[in-house]
Amino acid sequence: MKKFIFVLIFVILLLLSLAYLLLAPTSKQSGAYFNGHTYLLLNASFPGNFTFFAWVYYKSFNGTGVIASQGISEGTHSTWYVGAGGEVSNVTACGVFSDERTEGNYTAGWRFATAPFIGTGSWHMIACTYNKSYISIYIDGKLVNKTATPYRVFGAKIIEIGKRTSTFYINGKIPTFAYFNGYLNDVQFYNTSLNSSEIYTLYMRGLGGSPLSNVAIYLPFGSSNFTSGCMEYGKPCNLSIVST
(Lines give C-alpha, C1' and ligand atoms only; values in the text may rest on other atoms or scores of the structure.)
Protein backbone atom coordinates (compact mmCIF):
# COMPACT_ATOMS: atom_id res chain seq x y z
CA MET A 1 0.00 0.00 0.00
CA LYS A 2 2.79 2.44 0.92
CA LYS A 3 4.59 1.64 -2.32
CA PHE A 4 1.40 2.35 -4.28
CA ILE A 5 0.95 5.71 -2.57
CA PHE A 6 4.59 6.61 -3.27
CA VAL A 7 4.22 5.75 -6.96
CA LEU A 8 0.97 7.73 -7.17
CA ILE A 9 2.58 10.81 -5.63
CA PHE A 10 5.53 10.47 -8.02
CA VAL A 11 3.21 10.29 -11.03
CA ILE A 12 1.23 13.34 -9.88
CA LEU A 13 4.42 15.37 -9.37
CA LEU A 14 5.67 14.29 -12.78
CA LEU A 15 2.43 15.37 -14.45
CA LEU A 16 2.50 18.73 -12.67
CA SER A 17 6.09 19.28 -13.82
CA LEU A 18 5.17 18.48 -17.41
CA ALA A 19 2.18 20.84 -17.24
CA TYR A 20 4.40 23.64 -15.97
CA LEU A 21 6.91 23.11 -18.77
CA LEU A 22 4.13 23.23 -21.34
CA LEU A 23 2.40 26.29 -19.93
CA ALA A 24 5.26 28.37 -18.61
CA PRO A 25 6.59 31.02 -21.00
CA THR A 26 10.20 30.75 -22.13
CA SER A 27 12.69 33.20 -23.52
CA LYS A 28 12.65 31.29 -26.82
CA GLN A 29 9.17 32.59 -27.59
CA SER A 30 9.18 35.93 -29.37
CA GLY A 31 7.18 39.12 -29.37
CA ALA A 32 7.43 42.63 -30.73
CA TYR A 33 10.81 44.15 -29.96
CA PHE A 34 11.05 47.65 -28.50
CA ASN A 35 14.64 48.87 -28.76
CA GLY A 36 14.44 51.83 -26.40
CA HIS A 37 13.83 54.23 -29.28
CA THR A 38 10.61 52.90 -30.81
CA TYR A 39 7.13 53.28 -29.39
CA LEU A 40 3.50 53.08 -30.47
CA LEU A 41 0.80 55.74 -30.36
CA LEU A 42 -2.70 54.35 -29.88
CA ASN A 43 -5.66 56.68 -30.38
CA ALA A 44 -7.65 55.47 -27.37
CA SER A 45 -8.24 56.17 -23.69
CA PHE A 46 -9.77 54.63 -20.60
CA PRO A 47 -11.22 57.40 -18.42
CA GLY A 48 -12.96 54.97 -16.06
CA ASN A 49 -12.15 51.51 -14.77
CA PHE A 50 -9.52 49.70 -16.81
CA THR A 51 -7.13 46.76 -16.95
CA PHE A 52 -3.77 46.56 -18.67
CA PHE A 53 -2.40 43.06 -19.29
CA ALA A 54 0.78 41.96 -21.08
CA TRP A 55 3.57 39.43 -21.24
CA VAL A 56 6.82 41.32 -20.75
CA TYR A 57 10.47 40.47 -21.41
CA TYR A 58 13.06 43.03 -20.35
CA LYS A 59 16.15 42.68 -22.52
CA SER A 60 18.07 45.27 -20.53
CA PHE A 61 17.30 47.32 -17.44
CA ASN A 62 19.08 50.25 -15.82
CA GLY A 63 16.56 50.89 -13.07
CA THR A 64 13.84 52.22 -15.34
CA GLY A 65 11.70 51.24 -18.32
CA VAL A 66 8.06 52.20 -18.90
CA ILE A 67 5.83 49.69 -20.71
CA ALA A 68 2.71 51.79 -21.37
CA SER A 69 1.15 55.09 -20.33
CA GLN A 70 -1.78 57.40 -21.01
CA GLY A 71 -1.27 60.96 -22.18
CA ILE A 72 -1.98 63.68 -19.64
CA SER A 73 -5.42 65.18 -20.13
CA GLU A 74 -5.67 68.95 -20.46
CA GLY A 75 -6.92 70.85 -17.43
CA THR A 76 -7.03 67.86 -15.07
CA HIS A 77 -3.44 66.61 -15.48
CA SER A 78 -4.39 62.99 -14.94
CA THR A 79 -2.48 60.01 -16.28
CA TRP A 80 -1.34 56.46 -15.54
CA TYR A 81 1.62 54.30 -16.41
CA VAL A 82 2.81 50.70 -16.05
CA GLY A 83 6.44 49.69 -15.78
CA ALA A 84 9.41 51.13 -13.94
CA GLY A 85 10.97 54.55 -13.96
CA GLY A 86 10.33 58.16 -13.09
CA GLU A 87 9.01 58.50 -9.58
CA VAL A 88 9.92 54.94 -8.57
CA SER A 89 12.89 52.92 -9.83
CA ASN A 90 14.02 49.31 -9.61
CA VAL A 91 10.48 48.07 -9.03
CA THR A 92 7.55 47.16 -11.25
CA ALA A 93 4.77 49.68 -10.73
CA CYS A 94 1.26 50.66 -11.71
CA GLY A 95 0.85 54.37 -11.09
CA VAL A 96 -2.08 56.79 -11.21
CA PHE A 97 -1.75 60.58 -11.05
CA SER A 98 -4.39 63.30 -10.91
CA ASP A 99 -4.72 66.92 -9.88
CA GLU A 100 -8.36 67.42 -8.97
CA ARG A 101 -10.68 68.73 -6.27
CA THR A 102 -11.58 66.01 -3.77
CA GLU A 103 -13.87 66.74 -0.83
CA GLY A 104 -13.17 70.47 -1.09
CA ASN A 105 -9.38 70.12 -1.11
CA TYR A 106 -6.96 70.09 -4.01
CA THR A 107 -4.99 66.87 -4.19
CA ALA A 108 -1.97 66.23 -6.38
CA GLY A 109 0.48 63.40 -6.66
CA TRP A 110 0.95 59.76 -7.52
CA ARG A 111 -0.50 56.59 -6.06
CA PHE A 112 1.47 53.42 -6.82
CA ALA A 113 0.95 49.70 -6.47
CA THR A 114 4.44 48.22 -6.64
CA ALA A 115 6.10 44.81 -6.91
CA PRO A 116 9.73 43.64 -7.09
CA PHE A 117 11.31 44.09 -10.49
CA ILE A 118 10.64 41.04 -12.69
CA GLY A 119 14.22 40.76 -13.91
CA THR A 120 15.77 40.51 -17.37
CA GLY A 121 16.02 37.62 -19.80
CA SER A 122 12.69 35.88 -19.15
CA TRP A 123 8.98 36.35 -19.80
CA HIS A 124 6.61 37.45 -17.04
CA MET A 125 2.97 38.43 -16.97
CA ILE A 126 2.16 41.92 -15.68
CA ALA A 127 -1.36 43.21 -15.13
CA CYS A 128 -2.57 46.51 -13.72
CA THR A 129 -6.19 47.08 -12.71
CA TYR A 130 -7.88 50.33 -11.66
CA ASN A 131 -11.42 50.73 -10.33
CA LYS A 132 -11.50 54.39 -9.14
CA SER A 133 -10.87 53.21 -5.57
CA TYR A 134 -7.85 50.95 -5.88
CA ILE A 135 -4.97 50.38 -8.25
CA SER A 136 -3.60 46.82 -8.19
CA ILE A 137 -0.62 45.02 -9.68
CA TYR A 138 -0.42 41.34 -10.62
CA ILE A 139 2.73 39.41 -11.48
CA ASP A 140 2.48 35.96 -13.07
CA GLY A 141 -1.18 35.59 -12.25
CA LYS A 142 -0.96 36.62 -8.59
CA LEU A 143 -2.08 39.81 -6.87
CA VAL A 144 1.10 41.31 -5.40
CA ASN A 145 -0.05 44.69 -4.13
CA LYS A 146 -2.91 47.17 -4.21
CA THR A 147 -3.16 50.79 -3.12
CA ALA A 148 -6.16 52.96 -2.35
CA THR A 149 -6.41 56.03 -4.57
CA PRO A 150 -8.85 58.95 -4.43
CA TYR A 151 -7.94 59.96 -7.97
CA ARG A 152 -9.98 59.72 -11.11
CA VAL A 153 -8.27 59.24 -14.45
CA PHE A 154 -9.70 61.46 -17.16
CA GLY A 155 -9.62 60.59 -20.82
CA ALA A 156 -6.75 62.08 -22.78
CA LYS A 157 -7.22 60.15 -26.00
CA ILE A 158 -3.70 58.85 -26.46
CA ILE A 159 -1.94 55.76 -25.14
CA GLU A 160 1.75 55.17 -25.68
CA ILE A 161 3.21 51.67 -25.64
CA GLY A 162 6.93 51.25 -25.17
CA LYS A 163 7.50 54.71 -23.67
CA ARG A 164 6.42 57.10 -20.95
CA THR A 165 3.86 59.60 -22.24
CA SER A 166 5.36 62.35 -24.42
CA THR A 167 3.98 65.01 -22.09
CA PHE A 168 6.62 63.99 -19.52
CA TYR A 169 9.82 66.01 -19.89
CA ILE A 170 12.96 66.86 -17.94
CA ASN A 171 14.69 70.07 -19.06
CA GLY A 172 12.63 70.07 -22.23
CA LYS A 173 13.61 66.52 -23.26
CA ILE A 174 12.03 63.10 -22.93
CA PRO A 175 14.29 61.27 -20.44
CA THR A 176 15.91 57.98 -21.42
CA PHE A 177 14.08 56.15 -18.65
CA ALA A 178 10.84 56.85 -20.50
CA TYR A 179 11.59 54.06 -22.97
CA PHE A 180 11.19 50.29 -22.74
CA ASN A 181 13.90 47.95 -24.02
CA GLY A 182 12.64 44.41 -24.56
CA TYR A 183 9.78 42.35 -25.95
CA LEU A 184 6.02 42.60 -25.46
CA ASN A 185 3.39 40.00 -26.30
CA ASP A 186 -0.37 39.68 -25.82
CA VAL A 187 -0.94 43.31 -24.83
CA GLN A 188 -4.57 43.70 -23.78
CA PHE A 189 -6.72 46.58 -22.54
CA TYR A 190 -10.12 46.19 -20.89
CA ASN A 191 -12.52 49.00 -19.99
CA THR A 192 -13.28 47.26 -16.73
CA SER A 193 -11.26 46.25 -13.70
CA LEU A 194 -10.79 42.50 -14.06
CA ASN A 195 -10.91 40.43 -10.88
CA SER A 196 -8.23 38.06 -9.60
CA SER A 197 -9.89 35.01 -11.13
CA GLU A 198 -9.98 36.60 -14.58
CA ILE A 199 -6.34 37.67 -14.35
CA TYR A 200 -5.35 34.14 -13.35
CA THR A 201 -7.36 32.71 -16.26
CA LEU A 202 -5.41 34.89 -18.69
CA TYR A 203 -2.13 33.87 -17.06
CA MET A 204 -2.93 30.17 -17.36
CA ARG A 205 -3.64 30.60 -21.08
CA GLY A 206 0.05 31.34 -21.36
CA LEU A 207 2.13 33.38 -23.72
CA GLY A 208 0.24 33.59 -27.00
CA GLY A 209 -3.06 32.68 -25.34
CA SER A 210 -6.36 34.24 -26.36
CA PRO A 211 -7.83 37.28 -24.56
CA LEU A 212 -11.15 37.32 -22.73
CA SER A 213 -14.26 37.94 -24.83
CA ASN A 214 -14.72 41.47 -23.45
CA VAL A 215 -11.25 42.70 -24.44
CA ALA A 216 -11.36 46.30 -25.67
CA ILE A 217 -7.97 46.51 -27.40
CA TYR A 218 -5.78 43.55 -28.30
CA LEU A 219 -2.26 43.71 -29.72
CA PRO A 220 -1.02 40.12 -30.24
CA PHE A 221 2.60 41.10 -30.97
CA GLY A 222 3.20 37.48 -31.93
CA SER A 223 6.00 38.56 -34.25
CA SER A 224 8.13 41.60 -34.95
CA ASN A 225 5.16 43.15 -36.78
CA PHE A 226 3.67 45.77 -34.43
CA THR A 227 0.37 46.23 -36.23
CA SER A 228 -0.53 42.68 -37.32
CA GLY A 229 -3.78 41.52 -35.71
CA CYS A 230 -4.27 44.66 -33.61
CA MET A 231 -7.98 45.05 -32.87
CA GLU A 232 -9.89 47.83 -31.11
CA TYR A 233 -13.50 46.95 -30.26
CA GLY A 234 -13.56 44.48 -33.14
CA LYS A 235 -12.01 46.85 -35.70
CA PRO A 236 -8.40 47.47 -36.79
CA CYS A 237 -6.52 49.68 -34.33
CA ASN A 238 -5.85 53.35 -34.97
CA LEU A 239 -2.14 52.84 -34.37
CA SER A 240 1.05 54.60 -35.45
CA ILE A 241 4.71 53.67 -34.99
CA VAL A 242 7.25 56.28 -33.91
CA SER A 243 11.04 55.93 -33.98
CA THR A 244 13.36 58.46 -32.41
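Because the structure is a prediction, the values reported are computed rather than measured.

Conventions and cut-offs
- Residues numbered from 1 in each chain as written.
- Predicted model: local features only at pLDDT ≥ 70, side-chain atom pairs only at ≥ 80, totals over all residues.
- Heavy atoms only, no water.
- Helix = DSSP H or I, 4+ residues; strand = E, 2+ residues; numbered from the N terminus.
- Contact = heavy atoms within 4.5 Å.
- Areas by Shrake-Rupley, 256 points an atom, 1.4 Å probe, with all protein chains shown as cover.
- Buried < 20%, exposed > 50% of the residue type's maximum accessible area, 1.4 Å probe, protein only.
- Pairing = 2+ DSSP bridges.
- Phe/Tyr/Trp six-rings, centres within 6.5 Å; stacked < 30°, edge-to-face > 60°.
- Lys NZ or Arg CZ within 6 Å of the ring centre and 35° of its normal.
- pLDDT = per-residue confidence, 0-100.
- Disulfide = S-S within 2.5 Å.

Draft legend 1. Expanded view of the overall build of the protein chain. Secondary structure assignment for the protein chain yields 2 helices and 16 strands. In the protein chain, once contacts between residues fewer than 6 apart in sequence are set aside, the share between residues at least 24 apart is 66%. Carbon and sulfur atoms make up 57% of the accessible area of the protein chain, which amounts to about 11800 Å² in all.

Draft legend 2. A look at the environment of Leu202. Within the secondary structure, Leu202 is located in helix H2 (residues 196–204). When near neighbours in sequence (up to four residues on either side) are disregarded, Leu202 contacts Phe53, Gln188, Tyr190, Leu194, Ser210, Pro211 and Leu212.

Draft legend 3. A look at unusual backbone geometry. Its identity as a non-glycine residue notwithstanding, Asp140 has a phi of 50 degrees, on the positive side. With phi around 55 degrees, Asp186 is a residue other than glycine that occupies positive phi space. Tracing the chain through its elements places Asp186 in strand S12 (residues 181–190).

Draft legend 4. Just the environment of Asn238, in detail. Within the secondary structure, Asn238 is located in the loop between strand S15 (235–236) and strand S16 (239–243). You can call Asn238 partly exposed: its relative accessible area is 45%. Each C-alpha atom of the pair Asn238 and Ala44 lies 8.1 Å from the other, and the pair is 194 residues apart in sequence. Those residues within four positions of Asn238 in sequence are excluded, and the remaining contacts are Leu41, Leu42, Asn43 and Glu232.

Draft legend 5. Structural view of the pairing of strand S8 (residues 123–130). Counting buried positions along S8 gives 8 out of 8 residues, so the element sits mostly inside the fold. Neither face of S8 is left uncovered, since the one carrying Trp123, Met125, Ala127 and Thr129 and the one carrying His124, Ile126, Cys128 and Tyr130 both have all their residues buried. Sheet topology places S8 next to strand S9 (residues 134–139); 5 bridges connect them, and they run antiparallel. Within S9, the position partnered with Cys128 by the bridge is Ile137. Between S8 and S9, which pair antiparallel in sequence order, lie 3 residues; one of them, Lys132, sits at a positive phi of approximately 75 degrees.

Draft legend 6. View of the packing of aromatic side chains. Throughout the structure, instances matching the rule amount to 11 aromatic pairs. Here Phe34 and Phe180 contribute two aromatic rings whose centre-to-centre distance is 6.2 Å and whose plane-to-plane angle is 65 degrees, an arrangement assigned as edge-to-face. On the criterion of sequence distance, the pair formed by Phe34 in strand S1 (residues 32–35) and Phe180 in the loop between strand S11 (159–161) and S12 is long-range, its members being 146 residues apart. Phe34 sits in the buried class, given a relative accessible area of 0%. You can call Phe180 buried: its relative accessible area is 0%. A centroid spacing of 4.9 Å and a plane angle of 70 degrees characterise the contact between Tyr58 and Phe180, whose relative ring orientation is edge-to-face. Highlighted residues: Tyr58 in strand S3 (residues 50–58) and Phe180 in the loop between S11 and S12, separated in sequence by 122 residues. In terms of burial, Tyr58 and Phe180 fall into one category: buried. For the cation-ring pair, Lys146 lies above Tyr134, with the distance from its terminal atom to the ring centre recorded as 4.6 Å.

Draft legend 7. Highlighting the confidence of the model for the protein chain. For the protein chain, mean pLDDT is 76; residues scoring 70 or higher make up 65% of the total. Averaged pLDDT values for the elements of the protein chain fall to 52 in helix H1 (residues 2–23) and rise to 97 in H2. This model gives residues 101–107 a pLDDT under 50, and the stretch forms 10 contacts once residues within four places in sequence are excluded. Ignoring residues within four places in sequence, the model shows residues 167–172, a span with pLDDT below 50, making 10 contacts including any to other chains.

Draft legend 8. Spatial organisation of the state of the cysteines. Taken as a whole and judged by the stated rule, the model has 1 disulfide. Across the disulfide, Cys230 is cross-linked to Cys237 (sulfur-sulfur distance 1.9 Å). Looking down the S-S bond of the Cys230 and Cys237 bridge, the torsion is -90 degrees, so its handedness is left-handed. Cys230 sits in the buried class, given a relative accessible area of 4%.

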